[in-house]
Amino acid sequence: MQSDKSMHGNADQMINKIKTILRRMSPLFILLVFIIAAQLLISTKEAPEQKADTAPVPIVDVTEVQQQTVSLNLPSYGVVSPKYKTQLVTEVQGRMQSISNNFVAGGVVKKGDELAVIEPSDYEADLMQAQASLAQAQAALEEEMAKGEVAKNDWKGYDGGIPPELGLRLPQLKQEQANVKFQQAALARAQRNLERTVIRAPFDGIIKARNVDLGQYVTLGTNLGELYDTRIAEVRLPLSNNDLAYLESVDNPDTHVSLSADLAGRVITWQGQIVRSEGVIDAENRMVYLVAEVKDPYLRGHRAEGQLPLKYGTFVTAVIKGRTVEGIVKLPRHLVRDNQVTIVHSDNSIELRSVNVVRTDLENVYIKDSLDNGERVSLTNLSNVEDGQIVKIVGEDSSSNQDSQDENTEKQLANAGVQ
């Protein structure tokens, strides 16, 4: 009886131990089940279908180029200055008696206009004295001529040969003749000095500055002011040594030039002519200077409606007409990068072509011997493009380009190693 109870107790203890072990091991069993399930799922999954990443086809606008004959114009710049300018100086001395209202900075005068008057009383007196001295000399000459006639009559009966010159009073006659010429010269000098008391404009011009005032005493050579000629204006235009190759003639660059400046809120243009080259290279900037002339810059002869004068001191930009060249393609500057343009072929593939740029100005690039008539150049700036890349043209039917796009996609897939 006791043995049955002990056996029954041992069995209960074993059962309790097994339950305890199972309870403690259950998390491990659960984890093991999840691991086995995960491995089954991984081993039975199907590989996803692989597709190549296709970049969107760029859309560009194009233009067809045409070769043309153009004048390779040369840009330059300069400051307008007068062709002639002079310092007005006194040739006599005295006190300033009057000054013209036009003799001020900015005053416009004509040739011969009276600008100022130096007090003339002393020079009027000198003129009267010179006139009196000349009259005396002429009277003495007439008297000596009469004495010579008397002496000639006295020597008529002389049989000793040719009468002496002294006897005929010829030396005295020559002296009086010389004295008359001397007094005539003195009279002319007195007349000129009197005329020089009136300061007149030597040519049509504009007063740059006036340096004297009314009542001021001036001496010989005093600077009264500065006068600029308004008949012809000059502009010195610098060009690089390479730019000279585009002139018709380097030694005689007789060509047209257009000058422009921003005046009164709008751009004004004047027409001029290149008249000469200074013929030397400036040591400071290594430039060669051409000289342009503009006639009647202040429009004193004729003035059209809305036209403005070309004032001295104006900074102008210039466009010099260069020599004419055939077979030139002109493109906007932004289409050419590193001397390359983007060509779009008939199959809409891209070509980055190096071109021969013969001239560049502020807006355009001139290309020669690089592009044929009818070739298409992209107007759209593309980044990171390669030769052979396919693009879509603005306004063009996309179906016509589908084959080339598919072919390009296949090439991209092959390059990526996708089967």
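Calculation criteria
- Residues numbered from 1 in each chain as written.
- Predicted model: local features only at pLDDT ≥ 70, side-chain atom pairs only at ≥ 80, totals over all residues.
- Heavy atoms only, no water.
- Helix = DSSP H or I, 4+ residues; strand = E, 2+ residues; numbered from the N terminus.
- Contact = heavy atoms within 4.5 Å.
- Pairing = 2+ DSSP bridges.
- Axes fitted to C-alpha atoms, helices over the stretch in contact; angles between N-to-C directions.
- Phe/Tyr/Trp six-rings, centres within 6.5 Å; stacked < 30°, edge-to-face > 60°.
- Buried < 20%, exposed > 50% of the residue type's maximum accessible area, 1.4 Å probe, protein only.
- UniProt positions renumbered as here; feature names shortened; annotations may be inferred.
- Expected span 1.5 Å × (residues − 1).
- Salt bridge = Lys/Arg side-chain N within 4 Å of Asp/Glu carboxyl O.
- pLDDT = per-residue confidence, 0-100.
- Patch = residues over 30% accessible without salt bridge, like charges linked within 9 Å, V, L, I, M, F, W, Y side chains within 5 Å.
- Areas by Shrake-Rupley, 256 points an atom, 1.4 Å probe, with all protein chains shown as cover.

1. Structural notes on the overall build of the protein
So, point 1. Counting secondary structure elements, the protein contains four helices and 24 strands.
So, point 2. Taking as baseline every contact in the protein between residues at least 6 positions apart, the subset at least 24 positions apart corresponds to 73%.

2. Points about the sheet that holds strand β19 (residues 340-344)
So, point 1. Sheet architecture is open: four strands sit in the order β2-β23-β19-β20, paired in antiparallel fashion. Two strands in the sheet have a free side with no partner beyond their single neighbour: β2 (62-64) and β20 (350-354). Pairwise comparison of adjacent strand axes, ignoring direction, gives a mean angle of 40 degrees for this sheet.
So, point 2. Where β19 and β20 come together, five bridges link them in antiparallel fashion. Residue T342 lies in a different strand from β20, and its bridge partner there is L352.

3. Let's talk about the packing of aromatic side chains
So, point 1. A full pass over the atoms with the stated rule returns three aromatic pairs.
So, point 2. Here the aromatic rings of Y228 and Y312 are separated by 5.8 Å at their centres, their planes lie at 75 degrees, and the arrangement is edge-to-face. Placement of the pair is Y228 in strand β12 (residues 223-229) and Y312 in the loop between β16 (288-295) and β17 (315-320), with a sequence separation of 84 residues.
So, point 3. Looking at Y228, the relative accessible area reads 12%, which means it is buried.
So, point 4. Y312 sits in the buried class, given a relative accessible area of 14%.
So, point 5. An aromatic cluster of at least three residues, connected via ring pairs, comprises Y228, Y298 and Y312.

4. Here we look at the UniProt feature "transmembrane region" (unreviewed entry) in the protein
So, point 1. The UniProt record annotates "transmembrane region" (unreviewed entry) at residues 21-42.
So, point 2. Regarding residues 21-42, the helix share stands at 100% and the strand share at 0%, and the terminal C-alpha atoms are separated by 32 Å.

5. Examining the environment of V355
So, point 1. For V355, the location among the structural elements is in the loop between β20 and β21 (357-360).
So, point 2. For the pair V355 and S370, spaced 15 residues apart in the sequence, the C-alpha separation amounts to 5.2 Å.
So, point 3. For V355, the residues in contact, after removing those within four places along its chain, are V336, N339, Q340, V341, I367, S370 and L371.

6. Examining helix α3 (residues 170-195)
So, point 1. Look at α3: 38 Å from first C-alpha to last across 26 residues, which is about the 38 Å you get at 1.5 Å a residue.
So, point 2. E176, V180, Q183, A186, L187, A190 and N193 are the residues of α3 that are buried.

7. Quick look at the pattern of salt bridges
So, point 1. In this structure the tally under the stated criterion is nine salt bridges.
So, point 2. When the shortest N-O distance is used, the salt bridge between R359 and D243 registers 2.7 Å. Of this pair, R359 sits in strand β21 while D243 sits in the loop between β13 (232-239) and β14 (255-263); the two residues are 116 residues apart in sequence, bridging distant segments of the chain.
So, point 3. Judged by relative accessible area, D243 falls into the buried class, the value being 12%.
So, point 4. Across the pair R353 and E375 runs a salt bridge whose closest N-O atoms are separated by 2.8 Å. You can see R353 sitting in strand β20 and its partner E375 sitting in the loop between β22 (364-368) and β23 (376-378), a full 22 residues away along the chain.

8. As for the confidence of the model for the protein
So, point 1. Per-residue pLDDT for the protein averages 83, and the proportion of residues at 70 or more is 85%.
So, point 2. Predicted confidence for residues 415-419 stays below pLDDT 50, and this span has one contact to residues more than four positions away or in other chains.

9. Topic: the sheet that holds β12
So, point 1. Taken together, four strands build an open sheet; the order of strands is β5-β12-β10-β7 and the sheet is antiparallel. Every interior strand has two partners, whereas the edge strands, β5 (85-89) and β7 (108-109), have only one.
So, point 2. As defined by bridge partners, strand β10 (residues 205-210) adjoins β12 across five bridges and the pair is classed as antiparallel. Bridge pairing links A209 to E226 in β12.

10. Considering the environment of G106
So, point 1. Mapping G106 onto the fold places it in the loop between β6 (94-99) and β7.
So, point 2. Judged by its relative accessible area of 43%, G106 is partly exposed.
So, point 3. On a C-alpha basis, the gap between G106 and I207 in space is 5.2 Å, while along the polypeptide they are 101 residues apart.
So, point 4. If we ignore the near neighbours within four places in the chain, the residues touching G106 are I206 and I207.

11. A short note on a nonpolar patch on the surface
So, point 1. On the surface, I18, I21, L22, M25, L28 and F29 cluster together to form a nonpolar patch covering roughly 560 Å² of accessible area.
So, point 2. Position of I18 among the secondary structure elements: in helix α1 (residues 2-44).

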